[in-house]
Protein chains: 2
Amino acid sequence: MRNSRGFKNMDISGKYHNIADWMDGSGPMSDIVISSRVRLARNFSGFPFVTRADRAKRAEIIEFARVQLSRPFNAGNMTLKLLEELTELEKNLLAERYIITEKLSRESGGSAVAVSENESMSVMLNEEDHLRIQAFASGLDINTVWERISELDHQIEQQVSYAYSEEYGYLTACPTNVGTGIRVSAMLHLPALHITKQIEKVLNSARDMHLAVRGIHGEGSEPVGDLFQISNQTTLGKSEEQILQEIQKMALEPIVEYERRARIRLLKETPIVVEDKIFRALGILTGARLITSQEAMFFMSQLRMGVAMGKISIPIKVLNEIMLLVQPAHLQHLCGDNLEASQRDQFRADLIRQKLQEYV
Amino acid sequence: MRNSRGFKNMDISGKYHNIADWMDGSGPMSDIVISSRVRLARNFSGFPFVTRADRAKRAEIIEFARVQLSRPFNAGNMTLKLLEELTELEKNLLAERYIITEKLSRESGGSAVAVSENESMSVMLNEEDHLRIQAFASGLDINTVWERISELDHQIEQQVSYAYSEEYGYLTACPTNVGTGIRVSAMLHLPALHITKQIEKVLNSARDMHLAVRGIHGEGSEPVGDLFQISNQTTLGKSEEQILQEIQKMALEPIVEYERRARIRLLKETPIVVEDKIFRALGILTGARLITSQEAMFFMSQLRMGVAMGKISIPIKVLNEIMLLVQPAHLQHLCGDNLEASQRDQFRADLIRQKLQEYV
C-alpha cells in the first residue's frame, strides 16, 4: 500500500552491490563486533621507503611486486590494480570496502592494490610502506584473520627479502610500526554504551590500555552509527600469536562484555524506552523518502541493536550491507550518476526501504 | 513480526470507545473539515440569568427544563444528566466529545446536559445561559446542522417562553450573544497552510472577517495537530438561513480552498518532501512504543494530510477516532485506571498501533 517511486527498480546485483563475506555477520560475537582485521607493514629490502621513492622508483617497486609476488597473488586468487588506472569513484568504492585506505584513495600515481576475489585479503603497494597486507574476518575472530594473513605473509617472504633487522624487527617507514609491523583492529557496534552514557568511560579505559579508538574509516574519521574501530599496535618481545590472543582476550572481549551488559541493563530497566527507540528507527527507515547518510547511520545503529536484542528478525548481514551501501561512493555507483544531495537522500531512502521491506 | 506488549488486548468496544457519527468523515469536504457545529444561546423568560441565579434557583431552572422539555428531549432521543452526578472522568469525556464545554466540565453543581443517543445534539443547562443548544454534522455542512438545531429550537419554543425582545432579539447573559444567539463553527484541518507558512496570513484574514480562530477545545485552547476551530457570531438584521449560508460560502469555504491549493502546490513542487513527511509520520505512529499526546497529534496531522492526498488508504473515520481517543480522558477511560504519564504514553502508542495496524 505504501507508495513507491523512481529508484524502486534499480539494479542492485553485481560487483560492489553486495558486501564481502567477512561482513556477513556470521562470525563470533557478530551481535556486537562487525569484523576483525589484521594488517602487516612490510618493506622490500633493496628499495628506498615509499616516502623517499620518486615516481620512477615507485613504479619499479610495483613492477618488482607484480613479478616476484605473482605466485602468492595467484594462490590467493588476488588481482592487481594500479591506482592510477582507477576512476575516483572506483577508488572511493575500494576505500568504503576497506580494501584500500582513505589515504591511498586520495593519492593518484605510483600505488597499487592486490585484492582477493572474496575481498578477505588485500595488499596495498606503496601506501605508507611498500606492502600493507590486510586480512579480514567476520565478528571477533583474530585467530582466523591471523591464520589468513600469516600464510600470505610467509608465501610472500618465500619470494622476496623483507627489510628486517635482528635488533628492531621489521623496518617500516614510520617508527611506530617498526618491530612486528602488526596492527590488529576490530569494528565494534556500541549503541547501549552510548545510550547509558558509559561510552566515553569505556573508550578512555581502552585508550589507557594503549588501544586506539577511531571512527569507521580509521584515523581522523568521526564515529557514526555507534561504530568504533578499536585497534592495537603490537610491540616487540613476545610471540605474535601470544600478543594477538592477549589483545582479543584482555582488550577487545572486555569491551564487548561491557556493551553486552549495558544491553541487558537497558532491557531490564527500561524495556519500553528501548523498544520505542528500536521500532521508531524501523518505522522511520521504512517510511522515509529522504534520508541523510548521518540520519540513516543513526537509525541503522538502533535497528542493529534491536536485531541483536531479538526484538526484530532481520539478518545481521542485511544490516551490515545497508550500512555499507548507503555510503556516498556505493550510493553513486548503484545509481550510475553524479547525484545532487537531495537526490542522494532520496535514493538512499529508496535503497533502505527496498532492503528492509521483506522483513517488516 | 513486530513485538507487542501489555495493553495490546485492551477492550475498545463500548460507550466512549468510539466516535460519534458526526466525526465519521462522511460529510462534505471531510478531507479538510472535520465537523460543523451550530449552537444557540437561549434563556427562559421568568428566571434570572445563570450568573445571577443562586444554587436553589439553578436547581429550579433544571427542574423546569426537565419537566417542560421532556417532549422535545424524548423526541430527540435525549438523556438528561446532572453534572453533579457525574465523575470528573465522565465530565472530561463529555468535554472531549464536545457534548459539554470545558467550562461546564470544570463546574460542579447546578448544571445539566441533555444529549442525544447519537451525540449529534446536546443541550447544556446553566452553562452561561439557561440553554446552550448544540448540533453537529460531519464535514462542512452548516445547512444540515441548521435543520437539526432549528427543529429542536422550535420544539423547545413550543413548550416554553424564551427571553426575547422585539428590539434586541434573544436575550443572553453576555451581550455578544444577544440577537440571534447563534454561533456557527467548523473544525478545520490546515496542515498544508502550516507547511507552506501561509497559516498566519490566512487566519489573520479570517479574523479581519470577524471570524474567531481557536484550538480544538475553543476559547483559550492552543491549536494542536493543525486543527482550528473557526467560528462566527451571527448578527442582527438578516434572516438566519441567509447569514449561515453567507458564513459557509464567504468565510469557511475560502479557507478550505486555500488549504486545498496549498496541498496541490506541495504535491506539485515538493512531492518527495511531502511523501517523506507522510510516511515518516506513519512509520513513527506504527513504530513508537511511547508517545506523548502532542507528538501523536503532530504526526496524526501529517498522516491525515497523506490520506486526504491519496498517498495512504486509511478511512478518515479511523484517523478522527484516533485523534479523539488519544486525548487524556478517553485514554484514561479506555485503560480503566489513573495512569502515570509514562504509562499513558505507552498506552497511547499501543492504541495508535492497534488502530492503524490493519492499514499498513
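Please read these numbers as outputs of a predicted model, since none were measured by experiment.

All right, on to the sheet that holds strand 5 (residues 131–138) of chain A then. All names here are of chain A. Spatial ordering of the open sheet is given by 2-3-4-5-1-8-10-9, a layout of 8 strands whose pairing is antiparallel. Looking at the sheet topology across the chains shown, the edges are occupied by strand 2 (78–82) and strand 9 (211–214). In this sheet, neighbouring strand axes are inclined to one another by 20 degrees on average, regardless of whether the strands run parallel or antiparallel. Pairing analysis gives 7 bridges linking strand 8 (residues 182–189) to strand 10 (residues 227–233), with the strands arranged antiparallel. Within strand 10, the position partnered with H189 by the bridge is L227.

Residues and elements named next belong to chain A. Applying the stated rule across the entire model yields 44 salt bridges over all chains. Across the pair R261 and E257 runs a salt bridge whose closest N-O atoms are separated by 3.4 Å. Within this pair, R261 and its partner E257 are both found in helix 8 (residues 240–269), separated by 4 residues, close to a single helical turn. Two residues, R280 and D276, come together in a salt bridge whose shortest N-O distance is 3.1 Å. Of this pair, R280 and D276 both sit in helix 9 (residues 271–287), 4 residues apart, which is roughly one turn of that helix. For the pair shown, R280 and D276 are each scored as buried. Connected through shared salt-bridge partners, E127, E128, D129 and R132 make up one network.

Our focus in this paragraph is the relation of the copies chain B and chain A. To go from the first copy of the chain to the second, apply a rotation about an axis and then a shift along the same axis. Between chain B and chain A, which share one sequence, the superposing operator has a rotation angle of 180 degrees and an axial displacement of 0.0 Å; the RMSD is 0.0 Å. Within this description, the copies of the chain are treated as partners about a two-fold rotation axis. For chain B, the residue whose C-alpha comes nearest the rotation axis is G283(B), separated from it by 1.8 Å. With an isologous cut-off of 70% or more, the 100% of interface residues of chain B that recur at the interface of chain A puts this contact in the isologous class.

Attention now goes to the sheet that holds strand 5 (residues 131–138) of chain B. Residue and element names in this part refer to chain B. Here 8 strands make up an open sheet; going across it, the order is 2-3-4-5-1-8-10-9 and the pairing antiparallel. Each edge of the open sheet is held by one strand with a lone partner, namely strand 2 (78–82) and strand 9 (212–214). This sheet shows a mean twist of 20 degrees between the axes of neighbouring strands, independent of strand direction. Here strand 9 pairs with strand 10 (residues 227–233) via 3 bridges, running antiparallel. Bridging across to strand 10, A212 finds its partner in S231. Packed on one face of the sheet, helix 5 (residues 142–159) meets strand 1 (33–42), strand 2, strand 4 (121–125), strand 5 and strand 8 (182–189) and runs near 150 degrees to strand 5.

Here we take up helix 13 (residues 341–356) of chain A. One full turn of an α-helix is made of 3.6 residues, so residues set three or four places apart face in the same direction. The end-to-end C-alpha distance of helix 13 of chain A is 23 Å, a good match for the 22 Å that 16 residues give at a rise of 1.5 Å each. D345(A), Q346(A), F347(A), R348(A), A349(A), D350(A), L351(A), I352(A), R353(A), K355(A) and L356(A) are the residues of helix 13 of chain A that are buried. Those residues of helix 13 of chain A that are buried are in contact with helix 9, helix 10 (293–308), helix 11 (316–325) and helix 12 (328–335) of chain A together with helix 9 (271–287) of chain B.

Okay, the interface of chain B and chain A next. A common way to express how large an interface is: the accessible area buried when the components associate. Each partner contributes residues to the interface: chain B has 24 residues there, and chain A has 26 residues. Here chain B and chain A share an interface that buries about 2400 Å² over both sides, 60% of which is from carbon and sulfur atoms. Counting every contact that joins chain B to chain A gives 2 salt bridges. Linking E295(A) and R280(B) is a salt bridge whose minimum nitrogen-to-oxygen distance equals 2.7 Å. The interface formed by chain B and chain A holds 8 residue pairs in polar contact (both at pLDDT 80 or more) in total. The class makeup of the residues in the side of chain B that touches chain A is 11 nonpolar, 5 polar and 8 charged.

Residue and element names in this part refer to chain A. What the domain assignment lists for chain A is domain 1 (8–263) and domain 2 (270–359). For domain 1 and domain 2, the distance between their C-alpha centres works out to 26 Å. Taken together, the contact between domain 1 and domain 2 spans 32 residues of the former and 27 residues of the latter. Across the interface of domain 1 and domain 2, roughly 2700 Å² is buried in total on both sides, 66% from carbon and sulfur atoms. The tally of links between domain 1 and domain 2 comes to 0 salt bridges. Taken together, the links from domain 1 to domain 2 amount to 9 residue pairs in polar contact (both at pLDDT 80 or more). Of the residues forming the side of domain 1 that touches domain 2, the biggest block, 4 residues, is contributed by helix 3 (residues 88–96). Residue classes in the side of domain 1 that touches domain 2 are distributed as 15 nonpolar, 8 polar and 9 charged.

Reading guide: rules and limits
- Residues numbered from 1 in each chain as written.
- Chains lettered and ligands numbered in written order.
- Predicted model: local features only at pLDDT ≥ 70, side-chain atom pairs only at ≥ 80, totals over all residues.
- Heavy atoms only, no water.
- Pairing = 2+ DSSP bridges.
- Helix = DSSP H or I, 4+ residues; strand = E, 2+ residues; numbered from the N terminus.
- Axes fitted to C-alpha atoms, helices over the stretch in contact; angles between N-to-C directions.
- Salt bridge = Lys/Arg side-chain N within 4 Å of Asp/Glu carboxyl O.
- Buried < 20%, exposed > 50% of the residue type's maximum accessible area, 1.4 Å probe, protein only.
- Least-squares fit on C-alpha atoms with pLDDT ≥ 70 in both.
- Contact = heavy atoms within 4.5 Å.
- Expected span 1.5 Å × (residues − 1).
- Buried area = accessible area lost by both parts, 1.4 Å probe.
- Polar contact = N/O pair within 3.5 Å; in protein donor to acceptor, adjacent residues only side chain to side chain.
- Nonpolar A, V, L, I, M, F, W, Y, C, P; charged D, E, K, R; others polar.
- Domains from an automatic or database assignment.

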